[in-house]
Structure formats: C-alpha cells, structure tokens
Amino acid sequence: MKYSQEVIDFIKSNVVGTKTRDLIDLVNKKYGTEFTMSKMQSFKKNYNLKSGTKNGLPAGRATQLFPADVRKFIAENHKGLSTRDMTELLNSTFSKDYKVSQIQCFYSNNKIQCGVDAKFKKGNVSWNKGLKGITTGGVATQFKKGSIPKNRVEIGHERVDVDGYTQVKVTDGNRNRNFKYKHNLVWEQNNGPIPDGYVVIFADRDKSNFDINNLVLVSRSELLVMNRNNLILDDRELTKTGVMLAKVIDKTNKRKYHSEL
C-alpha cells in the first residue's frame, strides 16, 4: 500500500521511542489510515526503521502519545486510582482519547503501581465453585427463553447498591444497565445530559437527599482535588464553596503543567 510523503515523514519522526501499537494509534488517528500491527511492522522493515529500545518505549522519555505534561500528571496522581479512573481523568483533563489498555501498557512499561488491588485473592473461594452444569430443580423448572422471571421488577423500581447509592430501573433487557443512579437522573431532568468527564455529587454527602439544590456537577479532575483537600463536607454551602476553590486549583494545575513543557 502506498502512503503519502506526509504520513511517511510523520512515522519516521515519531518511530524512535514509540511502541509499535502506540505508533499505530497515533498515525491512524491523525491521518485516518488503517495500519494494523502487521502492516506497521512491514512498513518499519521496508524503511529500516527501529524504535531504538528493546520494548519500544524508553523509560522517562516523553512521546507523542504520552507527552511530558501527561507523564508528570500520571506520576503525581496515580496512587489510589485504578487505570480505568486514570484513563477517564486524563481524557477529561487533557482532552485526550486514551483507552484503558493504553494506560495499562504505560503503567507496565514504566513499572507504575496504582495501589488498587483488584485481583482475586488466593485462598478465596468463588461463589460458584463446583456448581458448573448442576441444575437443582430439574428440566421442568429451568428458565425457558421468552419467559418472564418472577423476581423481575417494574420500570421505576428503586434499589440501593452496596455503596449506598439509589438506583432506578429505567429499561428492560440490558441486565445491570437497566438501572441508572437516581441522583444522575434528577440532575439530568433539570439540566440535560451529564457531559463526558463530569460527575454529580451530593453537596451535603447525604446520598438520600435528591433535592436539585443538593446536587452539584464537577469534573473528575475537580473531584480529585476536592477529595484530596477534604472539600466535600456535611454543609451544603461549604461544599459549594469548595467546588469553586477546586475549580481554581484545577485550572492552576493545568496551566502549570502546560507552562512547564
């Protein structure tokens, strides 16, 4: 396949220090090309291009995919955040389009530990161990396709999850996605859809208080600032003041990251 000189020059200028998969994402996103792993490897071979490092990503070196400000942000904020949360935070803070797999790969290459352990602990017993293939009620009592389960709840039914948040059933047929958080629904009914990268919090920390004046929209990066500085309080007005302070801190932090490039 023939590529324009601009695409060729872009790959040549970014290949050093960039992992092949990350290079593919960069080129395809910028030029709308359809590079695959095999195509990029063939391209690099044809032009005698190499990343210059064993794993394609030099430790500590900024790249097109992970520039200096992003690397610094990850270094300062990764502790206690899962890679999924970090992905959402980076996308909202830097207007990026990272995938969770890219952040996981970055963590692995740079030996970063987030401190969140989601692995199944050795010695724990899975709830369904030994139950595979077992039926307890016979064929006559097995659930049949098209049947309606007796424990199905109606749309509008509310339940409280393990974290104390109220969920409302809004549709059928999508399993856990049938439910949405009530505080989000109340906020959207009054203000429209929640923007990407934003969340709704309870100003007085009472998860049962759905008064629209008690629901506040903040970005994920602002929420991070509020949690780290204990700006979410039992007093609604103090929390709202904390939101304004978090906005200032968050904007200052972003300007600082960009000015240090």
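Everything numeric in this text was worked out from a predicted model, so none of it was measured. The residue numbers shown here count from 1 along each chain, following its written sequence. A pLDDT threshold of at least 70 governs which residues receive local features in this predicted model, and a stricter bar of 80 or more applies before side-chain atom pairs are shown or counted, although totals over entire chains, interfaces and linings include all residues. Excluded from the side-chain calculation are hydrogens and water; included are all heavy atoms of the structure.

Q: Which parts of the structure should I look at to understand the overall build of the protein?
A: If you tally the helices and strands in the protein, you get 9 helices and 5 strands. A 1.4 Å probe rolled over the protein chains alone gives each residue an accessible area, and that area as a share of the maximum for its type sets the label: buried under 20%, exposed over 50%, partly exposed in between. Burial status across the protein gives 36% buried among its 261 residues. Residue contacts are defined here by distance: any two heavy atoms, one from each residue, within 4.5 Å place the two residues in contact. Across the protein, contacts joining residues at least 24 apart in sequence account for 46% of those joining residues at least 6 apart. The Shrake-Rupley method, run with a 1.4 Å probe, gives the accessible areas here. Residue values count only the displayed protein chains as cover. Accessible area for the protein stands at about 17,400 Å²; split by element, carbon and sulfur atoms hold 50% of it. In this description a helix means any DSSP run of H or I spanning at least four residues, a strand means any run of E spanning at least two, and both kinds are numbered starting from the N terminus.

Q: Would you mind going over helix 1 (residues 5-14) with me for this structure?
A: Residues lying three or four places apart along an α-helix face the same way, a consequence of the helix completing one turn every 3.6 residues. When helix 1 is considered as a whole, its buried residues turn out to be V7, I8, F10, I11 and N14. Buried residues along helix 1 cover an arc of 160 degrees about the axis, so they all sit on one side. The exposed residues of helix 1 that point more than 90 degrees off its buried face are E6 and S13. Among the structural elements, helix 2 (20-31) and helix 3 (37-46) are those in contact with the buried residues of helix 1. The directions considered for the arc are those from the helix axis to the C-beta atoms.

Q: Before we go on, may I ask you to explain the packing of helix 4 (residues 68-77) against helix 5 (residues 83-94) in this structure?
A: Two quantities define a packed helix pair, namely the angle between the helix axes and the distance between the axes. It is the contact of helix 4 with helix 5, at a shortest axis distance of 11 Å, that shows an interaxial angle of 135 degrees. Looking at the two axes, helix 4 sits oblique to helix 5. Taken as a pair, helix 4 and helix 5 cross one another with a handedness that is right-handed. Contacts between helix 4 and helix 5 involve D69, V70, F73, I74 and N77 from the first element and M86, L89, L90, T93 and F94 from the second. Comment: axis = line fitted to C-alpha atoms, over the contacting stretch for helices; angle = value between 0 and 180 degrees taken between N-to-C directions. Here the word oblique covers every angle except those under 35 degrees (roughly parallel), over 145 (roughly antiparallel) and from 65 to 115 (roughly perpendicular). A clockwise turn of the near helix away from the far one marks a right-handed crossing, whereas an anticlockwise turn of less than a right angle marks a left-handed crossing.

Q: Hey, could you run me through the pattern of salt bridges in this one?
A: Here a salt bridge means any side-chain nitrogen of Lys or Arg lying within 4 Å of a carboxyl oxygen belonging to Asp or Glu. All chains considered together, the criterion is met by 5 salt bridges. For the salt bridge of E88 with R220, the shortest nitrogen-to-oxygen distance reads 2.9 Å. Here the residue E88 occupies a position in helix 5, and R220 occupies one in helix 8 (residues 220-228), the gap between them amounting to 132 residues. Since its relative accessible area comes to 29%, R220 is described here as partly exposed.

Q: So what exactly am I meant to see when it comes to the side chain of N28 here?
A: For N28, the position within the fold is in helix 2. Throughout this description, a polar contact denotes any pair of N or O atoms lying within 3.5 Å of each other; where both atoms belong to protein, one of them has to be capable of donating a hydrogen while the other can accept it, and for residues adjacent in sequence the pair is counted only when both atoms sit in side chains. Among the polar contacts made by the side chain of N28, one reaches the side chain of T33 at a distance of 2.7 Å.

Q: What exactly am I supposed to notice about the packing of helix 5 against helix 6 (residues 100-109) here?
A: At a closest axis distance of 9 Å, the pairing of helix 5 and helix 6 adopts a crossing angle of 110 degrees. Comparing their axes, helix 6 and helix 5 come out roughly perpendicular. The way helix 5 lies across helix 6 gives a crossing that is right-handed. Contacts between helix 5 and helix 6 involve T83, R84, M86, T87 and L90 from the former and V100, I103, Q104 and Y107 from the latter.

Q: What's the story with the nonpolar core in this structure? I'm lost.
A: Counting 31 residues, the largest nonpolar core has I11, F35, I74 and L90 as the members making the most contacts within it. Those elements that place two or more of their residues in this core are helix 1, helix 2, helix 3, helix 4, helix 5 and helix 6. The residues contacting F35, other than those within four sequence positions of it, are Y3, V7, I11, I24, V27, N28, M40 and F43. Here, the term nonpolar core denotes a set of buried Ala, Val, Leu, Ile, Met, Phe, Trp, Tyr and Cys residues that are joined through side-chain atoms within 4.5 Å. Residues V199, L223, V225 and M226 belong to the second largest nonpolar core, which totals 12 residues.

Q: Just to check I follow, could you spell out the sheet that holds strand 2 (residues 166-169) for this structure?
A: Working definition: the strands of a sheet are paired by backbone hydrogen bonds and lie parallel or antiparallel to each other. Note on pairing: two strands pair once DSSP finds at least 2 bridges between them. Taken in spatial order, the 3 strands make up an open sheet running 1-2-3, and their pairing is antiparallel. Each of the sheet's edge strands pairs with one partner strand only, and the pair in question is strand 1 (158-160) and strand 3 (179-181). Going from strand to strand, the sheet's axes swing by 35 degrees on average, the running direction of each strand aside. One ladder, built from 3 bridges, connects strand 1 with strand 2; its direction is antiparallel.

Q: Looking at this model, I keep getting lost on the pairing of strand 2. Mind explaining?
A: Side-chain direction in a regular strand flips from residue to residue, so the side chains alternate between the two faces of the sheet. Alternating positions in strand 2 separate into two faces, T166 and V168 on one and Q167 and K169 on the other, with burial throughout. A loop of 5 residues connects strand 1 with strand 2, the two strands running antiparallel in sequence, and G164 in this loop sits at a positive phi of about 90 degrees.

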